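What follows is each chain in one-letter form.
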2 protein chains.
Amino acid sequence: MKKKIGVVLSGCGVYDGAEIHEAVITLLAIDRAGAEAVCMAPDIDQMHVINHLTGEEMAGEKRNVLVEAARITRGNIKDIRTVKGEDIDALFFPGGFGAAKNLSDFAVKGEACSVHPEVARLILELKEKQKPQGVACIAPTVMARVYKDETVHPILTIGNDPQVSEKIEKMGSRHQACAVRDIVLDRENKIVSTPAYMLGQTISEVAEGIEKSVNELVRMI
Amino acid sequence: MKKKIGVVLSGCGVYDGAEIHEAVITLLAIDRAGAEAVCMAPDIDQMHVINHLTGEEMAGEKRNVLVEAARITRGNIKDIRTVKGEDIDALFFPGGFGAAKNLSDFAVKGEACSVHPEVARLILELKEKQKPQGVACIAPTVMARVYKDETVHPILTIGNDPQVSEKIEKMGSRHQACAVRDIVLDRENKIVSTPAYMLGQTISEVAEGIEKSVNELVRMI
């Protein structure tokens, strides 16, 4: 039986959804590690739609997070509502603004954000069963928010951005600076994180950090 | 100076645009080979928009190929109209239905298809300068169509699909069967091709064929 790693996507495109490079590199690293990706996303509208050529909002346009995330997975994706902690051995969150706009409202509310209830539920189910989890790019903010009201608080990295790391610490987690090709491993809470495009200048260095994260995740199962 | 490899995208998503895994794996392989990707797409509407969760057409919805392709490139993309053969050292086409729906109308017209004039122009400029080109998945049909009226005809692969390979041969190219992890190299015409998701069952095997293609492309420059 292959080890099953849940991959939570937040749309399709760095500015309003999942960062596509990070997502695909995650899927490739999982397959190359001999594990199986179980892709999922919430069935909700995106916060908004950004024209990725101009960076402007496409006023009036609506897109659904699950439907757009299905582009990255070639249609093979589940509504996160249907995935239970017992169905998977580990959970990974690629980044992209979708993590801070769709999975949570961190992009708008900062440390006062809330997380989509099904995303929070699944993270806490994994925590309860002491199954490992991983977060890349801006996604550590989601993990920090979910752990905010818990008795333990993880060590996380988003690279070295002072504003975002301060907000992570305001939510109770500890932030540790990290280079893009590297990872921060919280052994006690079984949480791995990597800066990815919070720091990355090239796709290769982002890939190196994500590959290390996925391999560590598989090792911890 | 890094070698510049043009990457022609046809949208963002396997069923109506560029195959996202193939595109990202191409960008990663180019960066890891020490070369630079120059991404481009035509500034036209997609043939249609497919809901990748259900496989159904989203009636009434319109999306632009260049704008959607910009999701894969984090906004770093050019209108193909502005790219000249002298600007790049090689050219690569990932697959996805977008190659057969947006870059050409092969999906509708088969061997009677036509290719977007700027795509055809750029391919012929590369040919003229004897610069290497690569095609993955269904994209060899575009190459076959552009070479149809030339005096030389390339050897190409789309894996082993009898219907598509027959259409490629009707357009004058020679089709050679190939495994997903492998490539077909036409040394005379400096064209490399790989089946990718025309055959691939896993992202790893698709990656292996594309990585070999990109490395061969860089070697031929």
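The structure displayed is predicted, hence computed values, not measured ones.

Caption draft 1: Local environment of the packing of helix H1 (residues 20-32) of chain A against helix H1 (residues 20-32) of chain B. Following both chains from N to C, one finds H1(A) and H1(B) inclined at 95 degrees, their axes separated by 10 Å at the closest point. Judged on the interaxial angle alone, H1(B) and H1(A) are roughly perpendicular. Residues Ile20(A), His21(A), Val24(A), Ile25(A), Leu27(A) and Leu28(A) of H1(A) lie in contact with H1(B), whose contacting residues are Ile20(B), His21(B), Val24(B), Ile25(B), Leu27(B) and Leu28(B). Here the contact of H1(A) with H1(B) is built from residues that sort into 10 nonpolar, two polar and no charged.

Caption draft 2: Just the relation of the copies chain A and chain B, in detail. Turning chain A through 180 degrees and shifting it by 0.0 Å along the axis lays it on chain B, with an RMSD of 0.0 Å. One copy is carried onto the other by what is essentially a two-fold rotation axis. Distance from the rotation axis, computed per C-alpha, reaches its smallest value in chain A at Val24(A): 3.4 Å.

Caption draft 3: Region of the structure containing the interface of chain A and chain B. Counting residues at the interface gives 38 residues for chain A, matched by 38 residues for chain B. Surface buried jointly by chain A and chain B totals about 3,300 Å² across both partners, of which 55% is contributed by carbon and sulfur atoms. Of all residues in chain A, Leu53(A), Arg71(A) and Arg74(A) give up the largest surface area on contact with chain B, accounting jointly for 25% of the area buried on that side. Inspection of the chain A/chain B interface yields eight salt bridges. Between chain A and chain B we count 16 residue pairs in polar contact (both at pLDDT 80 or more) in total. At the level of secondary structure, the elements contributing two or more residues to the side of chain A that touches chain B comprise H1, helix H2 (65-72) and helix H8 (203-220) of chain A. At eight residues, the largest contribution of residues to the side of chain A that touches chain B is made by H1(A). Here the residues of the side of chain A that touches chain B are counted per class, giving 19 nonpolar, eight polar and 11 charged.

Caption draft 4: Highlighting the state of the cysteines. For the structure shown, the criterion picks out zero disulfides over all chains. Between Cys178(A), a free cysteine, and Cys137(A), which holds the nearest cysteine sulfur, the sulfur-to-sulfur gap is 13 Å. The class for Cys178(A) is buried, based on a relative accessible area of 10%. Free cysteine Cys39(B): the closest other cysteine sulfur is in Cys12(B), separated by 12 Å. Classification of Cys39(B) by relative accessible area gives buried; the value is 7%.

Caption draft 5: Quick peek at the environment of Phe92(A). Inspection of the secondary structure puts Phe92(A) in strand S4 (residues 90-93). Contact partners of Phe92(A), with chain neighbours within four places excluded, come to Ile5(A), Gly6(A), Val7(A), Val8(A), Thr26(A), Gly134(A), Val135(A), Ala136(A), Ile210(A), Ser213(A) and Leu217(A).

Caption draft 6: Summary view of the packing of H1(B) against helix H8 (residues 203-220) of chain B. All names here are of chain B. It is the contact of H1 with H8, at a shortest axis distance of 9 Å, that shows an interaxial angle of 45 degrees. Judged on the interaxial angle alone, H8 and H1 are oblique. Crossing of H1 against H8: the hand is right-handed. The segment H1 lies against H8, with His21, Glu22, Ile25, Thr26, Ala29 and Ile30 engaging Ile203, Val206, Ala207, Ile210, Glu211 and Val214. Counted by class, the contact of H1 with H8 contains eight nonpolar, two polar and two charged residues.

Caption draft 7: Main features of the sheet that holds strand S4 (residues 90-93) of chain B. All names here are of chain B. Read across the open sheet, the seven strands follow the order S3-S2-S1-S4-S5-S9-S8; overall the sheet is mixed. With one partner strand each, in any of the chains shown, strand S3 (78-79) and strand S8 (184-186) form the two edges of the open sheet. Across the face of the sheet, H8 comes into contact with strand S1 (4-8), S4, strand S5 (133-136), S8 and strand S9 (191-194) while running at roughly 175 degrees to S9.

Caption draft 8: Representation of the packing of aromatic side chains. Summed over the entire model, instances satisfying the criterion amount to two aromatic pairs over all chains. Ring centres of Tyr15(A) and Phe97(A) lie 6.5 Å apart, and the angle between their planes is 35 degrees; on these two criteria the pair is classed as tilted. With Tyr15(A) in the loop between strand S1 (4-8) and H1 and Phe97(A) in the loop between S4 and helix H3 (98-101), this pair connects stretches of sequence that are 82 residues apart. Take Tyr15(A): its relative accessible area is 26%, and that puts it in the partly exposed class. Residue classification places Phe97(A) among the partly exposed residues on the basis of a relative accessible area of 40%. Over the ring of Tyr197(A) we find Arg74(B); its NZ or CZ atom is 3.5 Å from the centre of that ring.

Caption draft 9: Here's a closer look at the side chain of Asp79(A). Structurally, Asp79(A) can be placed in strand S3 (residues 78-79). With residues near it in sequence (within four places) discarded, Asp79(A) still touches Ala41(A), Pro42(A), Asp43(A) and Leu66(A).

Caption draft 10: Examining H2(A) more closely. Counting buried positions along H2(A) yields eight of eight residues, so the element is predominantly enclosed. Within H2(A), burial applies to Val65(A), Leu66(A), Val67(A), Glu68(A), Ala69(A), Ala70(A), Arg71(A) and Ile72(A). For H2(A), the elements touching its buried residues are H1, strand S2 (36-41) and S3 of chain A together with H1 of chain B. The backbone nitrogen of Leu66(A) has a side-chain oxygen 2.8 Å away, supplied by the residue at the start of H2(A), namely Asn64(A).

Cut-offs used in this document
In this numbering scheme, every chain counts its residues from 1 along its sequence in written order. For naming, the first written chain is A and the first written ligand is 1, with later ones following in the order written. Since the coordinates come from a predicted model, pLDDT governs what is reported: local features require at least 70, and pairs of side-chain atoms require 80 or more to be given and counted, while whole-chain, interface and lining totals use all residues. Only hydrogens and water are set aside when side-chain values are computed; all heavy atoms of the structure are taken into account. Axes here mean lines fitted to C-alpha atoms, for a helix over just the part in contact, with angles spanning 0 to 180 degrees between N-to-C directions. Working definition: helices are DSSP H or I runs of at least four residues, strands are E runs of at least two. Numbering for both runs from the N terminus. An angle below 35 degrees is read as roughly parallel, one above 145 as roughly antiparallel, one from 65 to 115 as roughly perpendicular, and any other as oblique. Contacts were defined at the residue level, with two residues in contact if any of their heavy atoms lie within 4.5 Å. All amino acids are sorted into three groups, where Ala, Val, Leu, Ile, Met, Phe, Trp, Tyr, Cys and Pro are nonpolar, Asp, Glu, Lys and Arg are charged, and the leftover types, Gly among them, are polar. Residues below a pLDDT of 70 in either copy are left out; the C-alpha atoms of the rest, at least 70 in both, set the least-squares superposition of the copies. Joining two parts hides part of their accessible area as seen by a 1.4 Å probe, and the buried area is that hidden amount summed over both. A side-chain nitrogen of Lys or Arg and a carboxyl oxygen of Asp or Glu constitute a salt bridge if their distance falls within 4 Å. Polar contact is the term for a pair of N or O atoms within 3.5 Å; when the atoms are in protein, one must be able to donate a hydrogen and the other to accept it, and sequence-neighboring residues count only if both atoms are side-chain atoms. Disulfides are defined in this document as cysteine sulfur pairs within 2.5 Å. Accessible area is worked out with a 1.4 Å probe on protein chains only. A residue is then buried under 20% of its type maximum, exposed over 50%, and partly exposed in between. Crossings are sorted by hand: turned counterclockwise from the far helix by less than a right angle, the near helix makes the crossing left-handed, and turned clockwise it makes it right-handed. At least two bridges found by DSSP between two strands are what make those strands a pair. Paired rings are identified among Phe, Tyr and Trp, the last through its six-membered ring, by centres lying within 6.5 Å, and are further divided according to the angle between planes into stacked (under 30 degrees), edge-to-face (over 60) and tilted (the rest). Two thresholds decide whether a charge sits over a ring: the Lys NZ or Arg CZ must be within 6 Å of the ring centre and within 35 degrees of the ring normal.

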